[in-house]
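Residue strings, one per chain:
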Amino acid sequence: MLKSQFTKQTRLSFRSLSSTSQLLKWNEIPLAPPDKILGITEAFINDTNTKKINLGVGAYRDNAGKPIIFPAVKKAEEILLTKETEKEYTPIVGSKKFQSIVKNFIFNNSNKDANGKQLIDDGRIVTGQTISGTGSLRVIADFLNRFYSNKTILVPKPTWANHVAVFNDAGLKPEYYTYYDTSINDLDFANLKKSLLDAPNESIVLLHACCHNPTGMDLTSEQWDEILQIVQDKQFFPLIDMAYQGFASGDPYEDIGAIRKLTKLANEGKIPTFALCQSFAKNMGLYGERTGSISIVVEDAEKAKSLESQLKKLVRPIYSSPPIHGSKIIETIFDQEELLSAWLSDLSTVVGRLNTVRAQLHQKLDKSSRNWDHIARQRGMFAYSGLTAEQMQRLRSEYSIYGTDDGRFSISGINDGNIDYLANAINEITKK
Ligand code: LMR
């Protein structure tokens, strides 16, 4: 290359470099705040106090404070290790086998829900594998943003910290409806109904199927009936989030009462269409395998076809197709009656420990100055304490106890070795 050519080229590339850096404004990228839930784990890891307790993220730990692999999952992995012969891509919305397992698991309730079975037989349910619950929420939110003309999505106050971020990023407009009253540590059902009635007709409404995150306080069967009547009257589009199926009762088939009501209403044409985001992160302990699903119930099989084609069109440019290891574990477990019952029993053991820990914590909290009964009444992975953000921060700085600022404790982090330290810290912080 001639010297003159070289300098000309260098000048050119410097010019383009400096204009790119001007466009990118690297120095102006603001520091984002830590994630409200996962940021707690990061802070916990950096804490050197040997007594530290992580009650932030909703992920199961055993009585020794260790994460577990469900024995049935381990068994399925052993089977896969010997039998698996390829690691090919799964189709864009997962394998037919996975879809059918999920449909039957959620909607047909092992042949016990005639309405769900009817919807499946009529080809009215489109199910796709997604990147766990968050991926499922994002896919349906993107889909609704494209095809549903009302962008308002009503979410309970409070709700899982990531819901609002997912919906906002997808272009929907989240608005809160009343759900819980921290001054009484209970559902505020009268205002819940009122705020839904006051909301714009045809909004999308997010409902937690069970083990409401973060409060652990669910609607009763009668309250569900009332809410689903409002859904009909206001012509809302129901979006159900079911991340903790099985954690309310210990039995995943017990926890889908709300879904059974919806399948009935769908067959009666009263709520002809709804969507359900589901995940195996918690109930099979497949957290990092990122395995979940989106199911959308539509009016007829014809609509189901175009809907599925649009889901594929949406997913392909984002992540092409979902990961396969988790879905293969699920397929293996559901393939064998014995493994399936082993998994159900593993799940019931996990939920049993959470219930024990919940009762023990309730028992150890000082009731002389405040009522802690809500802790005992709540269900699932969390205790929604009613502590203020300031009290949660004091627990962190003075005791190295890490819950989220909204007063939520992930109770699976509690065990025989730390429960007294925790109860004592809460009692000290709340002392009058
Ligand atoms: C939680 O609420 O802690 C879990 O759902 C985990 C997460 O991703 O936030």
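Numbers given for residues are sequential positions, taken from 1 along each chain in its written order. Only residues with pLDDT of at least 70 get local features here, since the model is predicted, and only at 80 or more are side-chain atom pairs given and counted; chain-wide, interface and lining totals rely on the full set of residues. Heavy atoms throughout the structure, all of them, feed into the side-chain values; hydrogens and water do not.

The test is simple: UniProt positions are given in the numbering used here, feature names are shortened, and annotations may be inferred rather than shown by experiment.
The chain has the name Putative aspartate aminotransferase in an unreviewed UniProt entry, where Candida maltosa is given as its organism. UniProt, in the comment section headed Subunit (unreviewed entry), describes the chain in these words: "Homodimer." What UniProt states about the chain under its Cofactor (unreviewed entry) heading is, verbatim, "pyridoxal 5'-phosphate".

### Overview of the site of the ligand
Short version of the rule: Summary of the distance rule: residues count as near a molecule or strand when at least one heavy atom falls within 4 Å of that molecule or strand. Residues adjacent in sequence count toward polar contacts only when both atoms are side-chain atoms; beyond that, a polar contact is any pair of N or O atoms within 3.5 Å, and within protein one must be able to donate a hydrogen and the other to accept it. Exposure was quantified through the Shrake-Rupley algorithm and a 1.4 Å probe, taking into account, for residues, occlusion by the shown protein chains and nothing else. Polarity classes work like this: nonpolar for Ala, Val, Leu, Ile, Met, Phe, Trp, Tyr, Cys and Pro, charged for Asp, Glu, Lys and Arg, and polar for all others, with Gly in that last group.
Every residue close to the ligand is listed here: Ile37, Val57, Gly58, Trp160, Asn213, Tyr244, Lys282, Phe382 and Arg408. Here asparagine 213 contributes a side-chain N or O atom positioned 3.0 Å from an oxygen atom of the ligand. Coverage of the ligand by the protein amounts to 82% of the 260 Å² it exposes when considered alone. A class-by-class count of the residues in the shell around the ligand yields 5 nonpolar, 2 polar and 2 charged.

### Notes on helix H15 (residues 389-399)
Worth spelling out the cut-off: The cut-offs for exposure are 20% and 50% of the maximum accessible area for each residue type, with area from a 1.4 Å probe on protein chains only; residues under the lower value are buried, those over the upper are exposed, and the others partly exposed. We count a stretch as a helix when DSSP gives it H or I for four or more residues in a row; a strand needs E for two or more, and each element gets its number in order from the N terminus. By construction, the arc corresponds to the directions joining the helix axis to the C-beta atoms. Any two residues having at least one pair of non-hydrogen atoms within 4.5 Å are treated as being in contact.
If you check which residues of H15 are buried, you get Gln391, Met392, Leu395, Arg396 and Tyr399. Buried residues of H15, viewed axially, fall in a sector of 145 degrees; they line one side. Opposite the packed face of H15, turned more than 90 degrees from it, sit the exposed residues Glu390 and Ser397. The inward-facing, buried residues of H15 abut helix H2 (38-46), strand E12 (401-402), strand E13 (408-410) and helix H16 (419-429).

### Notes on the packing of helix H12 (residues 325-335) against helix H13 (residues 337-364)
To be explicit about the condition: Comment: axis = line fitted to C-alpha atoms, over the contacting stretch for helices; angle = value between 0 and 180 degrees taken between N-to-C directions. Working definition: roughly parallel below 35 degrees, roughly antiparallel above 145 degrees, roughly perpendicular at 65 to 115 degrees, and oblique for all remaining angles.
Put simply, H12 and H13 touch, their axes get as near as 5 Å, and they point 110 degrees apart. Here H13 runs roughly perpendicular to H12, going by the angle between their axes. On H13, the residues that touch Thr332, Ile333, Phe334 and Asp335 of H12 are Glu337, Leu339, Leu340 and Trp343. For the contact of H12 with H13, the residue count by class is 5 nonpolar, 1 polar and 2 charged.

### Brief notes about the nonpolar core
Spelled out, the test is: Only buried residues count toward a nonpolar core. Its members are Ala, Val, Leu, Ile, Met, Phe, Trp, Tyr and Cys residues joined through side-chain atoms within 4.5 Å.
Membership of the largest hydrophobic core comes to 92 residues, with the highest contact counts inside it found for Ile333, Phe334, Trp343 and Leu395. Here this core takes 9 residues from H13, the largest share from any one element. Residues in contact with phenylalanine 334, not counting those within four places in the same chain, are Ile101, Phe105, Tyr253, Met284, Leu340 and Trp343. Listed in part, the 32 residues of the second largest apolar core include Leu137, Ile153, Phe167 and Leu311.

### Focus on the pattern of salt bridges
The test is simple: Basic side-chain nitrogens of Lys or Arg form a salt bridge, by our definition, when they fall within 4 Å of a carboxyl oxygen of Asp or Glu.
In total, this model carries 19 salt bridges according to the counting rule given. The salt bridge partner of glutamate 308 is lysine 96, with a shortest N-O separation of 3.9 Å. Separated by 212 residues along the polypeptide, glutamate 308 in helix H11 (residues 301-319) and lysine 96 in helix H4 (residues 96-108) bring together distant segments of the chain. For the salt bridge of aspartate 225 with lysine 261, the shortest nitrogen-to-oxygen distance reads 3.0 Å. Residue aspartate 225 is found in helix H9 (residues 221-233), and its partner lysine 261 is found in helix H10 (residues 257-267); the two are separated by 36 residues along the sequence. Exposure remark for lysine 261: the relative accessible area of 18% places this residue in the buried category.

### Here's the deal with the sheet that holds strand E4 (residues 173-178)
The pairing of strands in a sheet comes from backbone hydrogen bonds and takes either a parallel or an antiparallel form. Worth spelling out the cut-off: Here, strands pair whenever DSSP counts at least two bridges between them.
Pairing is mixed across the open sheet formed by 7 strands, whose spatial order is E2-E10-E9-E8-E7-E3-E4. Among the strands making up the open sheet, the edge pair consists of strand E2 (125-131) and E4. This sheet shows a mean twist of 25 degrees between the axes of neighbouring strands, independent of strand direction. Pairing analysis gives 6 bridges linking strand E3 (residues 152-157) to E4, with the strands arranged parallel. By the bridge assignment, proline 156 is partnered in E4 with tyrosine 177. Helix H7 (residues 161-169) rests against E3, E4, strand E7 (204-208) and strand E8 (237-242) of the sheet, and its axis sits at about 145 degrees to E4.

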